[in-house]
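Residue-level listing of the chains:
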Amino acid sequence: AADLQGRLFLFYLQLNRYSLVSSEGADLLVNGLCFTRGQHEAVLLAVRRAVYVFSTDTQQRTNVLCGHKHKVLTVSAAANKDLALTQSSDLTILWNTLDWSKHRSLNECAAAMHQAVFSPLGELCGILFDDSRIALWRTATLDFEEELIWDARGDTDLGLRLFAL
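Note that the coordinates shown come from a computational prediction; the quantities given were computed from them, not determined experimentally.

If you walk through the whole model with that rule in mind, you get five salt bridges. Across the salt bridge formed by Asp3 and Arg7, the nearest N and O atoms sit 2.5 Å from each other. One salt bridge in this structure joins Asp130 and Arg161, with 3.9 Å as the shortest N-O distance. Within this pair, whereas Asp130 is found in the loop between strand E12 (124-129) and strand E13 (134-138), its partner Arg161 is found in the segment after strand E14 (144-148), the two being separated by 31 residues in sequence. You can call Asp130 partly exposed: its relative accessible area is 30%.

Encoded structure:
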């Protein structure tokens, strides 16, 4: 959990305890938070244009993910893959969670990016654009899969703001 002061807490539900992990985002608004899965579980904390990576075992910061020119809006981790994504209005970056290297960068086209998510099994990455288009990529090959376009037929933009795969 993250509070309004930008502090990061881990809750241990079985033990009915919590621990303050970081004050990294002190006095800053936290934009995103998620857990990764894999060999070493980590928690990702998005603050401004950076994402901080903390080990859940040691509760220490292990990495800082940079590369966004705008505020990071979304952080997400693939369920059965060693991938995580960070997304700002102009860029989605797929990260290899084994060494935190950039796996691929997906840039905006005609409209700003609004949200990015993985499918439940992590085989697809979907990006919602401000014009309500949804683009899908295969995470294994990073091949473009398809684009879902709203055919307004003269109507105004559909105005999608959230979606799930």
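So much for the structure itself; the text now carries on.
The next subject is a nonpolar patch on the surface. Taken together, the side chains of Phe11, Leu13 and Tyr18 present a nonpolar region at the surface, about 410 Å² in accessible area. Note that Tyr18 resides in strand E2 (residues 17-22). Relative accessible area serves as the criterion here: at 54%, Tyr18 is assigned to the exposed category.

Judged by how many residues are buried, strand E9 (residues 91-96) sits mostly within the fold: five of six residues are covered. Pairing geometry for strand E8 (residues 83-87) and E9, over five bridges, is antiparallel. The residue of E9 that forms the bridge with Leu85 is Leu94. Pairing between E9 and strand E10 (residues 101-107): six bridges, direction antiparallel. Residue pairing across strands places Thr92 opposite Leu106, the latter belonging to E10. In this structure, the hairpin formed by E9 and E10 is closed by a connection of four residues, where Trp100 is found at a positive phi of approximately 60 degrees.

About the cut-offs
Residues numbered from 1 in each chain as written. Predicted model: local features only at pLDDT ≥ 70, side-chain atom pairs only at ≥ 80, totals over all residues. Heavy atoms only, no water. Salt bridge = Lys/Arg side-chain N within 4 Å of Asp/Glu carboxyl O. Helix = DSSP H or I, 4+ residues; strand = E, 2+ residues; numbered from the N terminus. Buried < 20%, exposed > 50% of the residue type's maximum accessible area, 1.4 Å probe, protein only. Patch = residues over 30% accessible without salt bridge, like charges linked within 9 Å, V, L, I, M, F, W, Y side chains within 5 Å. Areas by Shrake-Rupley, 256 points an atom, 1.4 Å probe, with all protein chains shown as cover. Pairing = 2+ DSSP bridges.

These figures come from the coordinates and say nothing about function on their own.
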